[in-house]
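Each chain, letter by letter, is given below.
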Amino acid sequence: LNRLFRSHWNLPWEFGDYHRTTVYLNQRVQQVSKLALPAAYSQKAVFLKNVAPDAALYLPSMDSVTESHVFPSEPVKNREQTPVAFTAVGEGWLGYVGDVNVETASDDVILAMCGL
């Protein structure tokens, strides 16, 4: 997928960390209506790095920690990585949701990306 991001969409996006944490709605994003989106939610996801700040729909906060039933919690080290990205590409849009457990809130995010 890293190669596709570069070769097909000319984006620097790459896979980043993989963990569960609570992420927060990024108010800098303008291309999606945020009215129906949760202000924050917990998701286990494959995060992306190298995403422009205005394309990262959700981001960890300074207080975000890894959430695991097996391993002790630790602060999220890279708060610039996002589990949800959305940006204009060519004449359309490209969205990414790294959620691996099909959280209900991710459904709302996908619908918002589709303009619904």
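Look up: the structure comes first, before these words.
Cut-offs applied
- Residues numbered from 1 in each chain as written.
- Predicted model: local features only at pLDDT ≥ 70, side-chain atom pairs only at ≥ 80, totals over all residues.
- Heavy atoms only, no water.
- Helix = DSSP H or I, 4+ residues; strand = E, 2+ residues; numbered from the N terminus.
- Contact = heavy atoms within 4.5 Å.
- Pairing = 2+ DSSP bridges.
- Axes fitted to C-alpha atoms, helices over the stretch in contact; angles between N-to-C directions.
- Phe/Tyr/Trp six-rings, centres within 6.5 Å; stacked < 30°, edge-to-face > 60°.
- Buried < 20%, exposed > 50% of the residue type's maximum accessible area, 1.4 Å probe, protein only.
- Polar contact = N/O pair within 3.5 Å; in protein donor to acceptor, adjacent residues only side chain to side chain.
- Patch = residues over 30% accessible without salt bridge, like charges linked within 9 Å, V, L, I, M, F, W, Y side chains within 5 Å.
- Areas by Shrake-Rupley, 256 points an atom, 1.4 Å probe, with all protein chains shown as cover.
- Salt bridge = Lys/Arg side-chain N within 4 Å of Asp/Glu carboxyl O.

Trainee: How would you sum up the side chain of histidine 19? Please name residues and give values.
Mentor: If you trace the backbone, histidine 19 turns up in strand 1 (residues 14-25). Once residues lying within four places of it in the same chain are set aside, the contact partners of histidine 19 are Gln43, Lys44, Ala45, Phe47, Thr66 and Val76.

Trainee: Go over the sheet that holds strand 5 (residues 92-97), please, and point to the residues and values.
Mentor: Strand order in the open sheet formed by five strands is 2-1-3-4-5, with antiparallel pairing between adjacent strands. For this open sheet the edge positions go to strand 2 (40-49) and strand 5, each flanked by a neighbour on one side alone. Between one strand axis and the next, the sheet turns through 35 degrees on average, direction left out of account. Note: strand 3 (residues 56-60) against strand 4 (residues 84-89), two bridges, orientation antiparallel.

Trainee: Run through the packing of aromatic side chains, naming residues and quoting values.
Mentor: Throughout the structure, instances matching the rule amount to five aromatic pairs. On the numbers, 6.4 Å between centres and 75 degrees between planes, the contact of phenylalanine 5 with tyrosine 96 is edge-to-face. Taken together, the positions of phenylalanine 5 in helix 1 (residues 2-9) and tyrosine 96 in strand 5 put the pair 91 residues apart, joining distant regions of the chain. Per residue, the accessibility class of phenylalanine 5 equals that of tyrosine 96, and both read buried. Centre to centre, the rings of phenylalanine 86 and tryptophan 93 are 5.2 Å apart; their planes meet at 5 degrees, and the pair counts as stacked.

Trainee: Hey, could you go over the environment of serine 7 for me, with residue numbers and the actual values?
Mentor: Tracing the backbone shows serine 7 in helix 1. The spatial distance from the C-alpha of serine 7 to the C-alpha of alanine 88 is 16 Å, given a sequence separation of 81 residues. Side chain to side chain, serine 7 and histidine 8 meet in a polar contact 3.0 Å long.

Trainee: Which residues make up a nonpolar patch on the surface, and what values do they have?
Mentor: On the surface, Leu1, Leu4 and Phe15 cluster together to form a nonpolar patch covering roughly 250 Å² of accessible area. Within the element layout of this structure, leucine 1 appears in the segment before helix 1. Under the relative-accessibility criterion, leucine 1 is labelled partly exposed at 44%.

Keep in mind that these numbers describe shape and distance, not what the molecule does.
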